[in-house]
Amino acid sequence: MSRFWLTYCKPSGRQLFDVVIVDSWDIIQARLRAAVMGIDQDAEFCEGHELDEASAALVPDTAVGRLLSQDEGAELIRRLERGILKRSATASVRRAVKRKQA
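Residues numbered from 1 in each chain as written. Predicted model: local features only at pLDDT ≥ 70, side-chain atom pairs only at ≥ 80, totals over all residues. Heavy atoms only, no water.

### Some details on the overall build of the protein chain
Here is the rule: By the criteria applied, helices consist of DSSP H or I runs no shorter than four residues and strands consist of E runs no shorter than two, each listed in order from the N terminus. Partly exposed describes any residue whose relative accessible area lies between the buried limit of under 20% and the exposed limit of over 50%, with all areas from a 1.4 Å probe on protein chains only and scaled to the type maximum. We call two residues in contact when some of their heavy atoms are within 4.5 Å.
If you tally the helices and strands in the protein chain, you get 3 helices and 4 strands. When the helices and strands of the protein chain are placed in sequence order, the string is β-β-α-β-α-β-α. Counting the 102 residues in the protein chain, one finds 31% classified as buried. Partitioning the intrachain contacts of the protein chain with sequence separation of at least 6 by distance along the chain shows that 57% fall at a separation of at least 24.

Following this line, the structure appears as structure tokens:
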């Protein structure tokens with residue numbers, strides 16, 4: 001099962017409204033789950049993304065399965081960005097290789 005980030009907009013335009021994080025098998029089922037459970041509060045769906053395994057692990061369980069406010073969504077984005085930066089920095093560190101002299 002994967003974790004999906006669903007973004008909703010205000011009906012009066014493309015202005016960001018709120019975010020829903022849902023565990024599901026695919027994006028279509030994630031959208032349906034949010035709608036059937038009433039989590040999306042009939043807001044207009046804008047876009048959705050599957051989170052990679054490392055990013056999904058950074059999402060607290062308390063944020064899954066409910067509508068997050070703009071502030072909560074922004075804080076979660078910052079948390080994910082910090083996690084991504086840490087992974088990138090670690091991956092870019094190279095170890096010095098000692099070579100035998102002949």
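### Here we look at the packing of aromatic side chains
Here is the rule we go by: Two aromatic rings from Phe, Tyr or Trp, using only the six-membered ring of Trp, form a pair when their centres are within 6.5 Å; if the ring planes differ by under 30 degrees the pair is stacked, by over 60 it is edge-to-face, and anything between is tilted. The criterion is that NZ of a Lys, or CZ of an Arg, lies within 6 Å of the ring centre and within 35 degrees of the ring normal, and then a charge sits over that ring.
Inspection of every chain in the model, using the stated rule, returns 1 aromatic pair. When the ring of tyrosine 8 is compared with that of phenylalanine 45, the centres are 5.7 Å apart and the planes differ by 75 degrees; the resulting orientation is edge-to-face. Of this pair, tyrosine 8 sits in strand E1 (residues 2–9) while phenylalanine 45 is found in strand E3 (residues 44–51), placing the two residues 37 residues apart along the sequence. Accessibility assignment for this pair places tyrosine 8 and phenylalanine 45 in one class, buried. Of note, arginine 31 hangs over the ring of phenylalanine 45, and the distance from its end group to the ring centre comes to 3.8 Å.

### Considerations on the state of the cysteines
Condition: Two cysteine sulfurs form what is called a disulfide whenever their separation falls within 2.5 Å.
Per the stated rule, a full pass over the model turns up 1 disulfide. The disulfide that involves cysteine 9 links it to cysteine 46, with 1.6 Å between the sulfurs. Here cysteine 9, found in strand E1, pairs with cysteine 46, found in strand E3; they are 37 residues apart in sequence, far enough to count as distant. Classification of cysteine 9 by relative accessible area gives buried; the value is 4%.

### A short note on the side chain of serine 2
The condition that has to hold: Between N or O atoms, a polar contact is any pair within 3.5 Å; within protein, one atom must be a potential hydrogen donor and the other a potential acceptor, and residues adjacent in sequence are included only when both atoms are from side chains.
When you line up the elements, serine 2 lands in strand E1. Separated by 2.6 Å, the side chains of serine 2 and glutamate 50 make a polar contact. Residues within four places of serine 2 in sequence aside, it is in contact with Val22, Asp23, Ser24 and Glu50.

### Remarks on the pattern of salt bridges
Rules: Here, a salt bridge means any side-chain nitrogen of Lys or Arg that lies within 4 Å of a carboxyl oxygen of Asp or Glu.
Within this structure, the stated rule accounts for 4 salt bridges. One salt bridge in this structure joins glutamate 72 and arginine 66, with 2.8 Å as the shortest N-O distance. The salt bridge partner of glutamate 75 is arginine 82, with a shortest N-O separation of 3.7 Å. For arginine 82, a relative accessible area of 45% gives the class partly exposed. It is possible to trace a salt-bridge network through shared partners that takes in Glu75, Arg78 and Arg82.

### Overview of the environment of arginine 33
By the secondary structure assignment, arginine 33 is in helix H1 (residues 27–36). For the pair arginine 33 and aspartate 23, spaced 10 residues apart in the sequence, the C-alpha separation amounts to 9.1 Å. Contact partners of arginine 33, with chain neighbours within four places excluded, come to Met1, Val22, Asp23 and Ser24.

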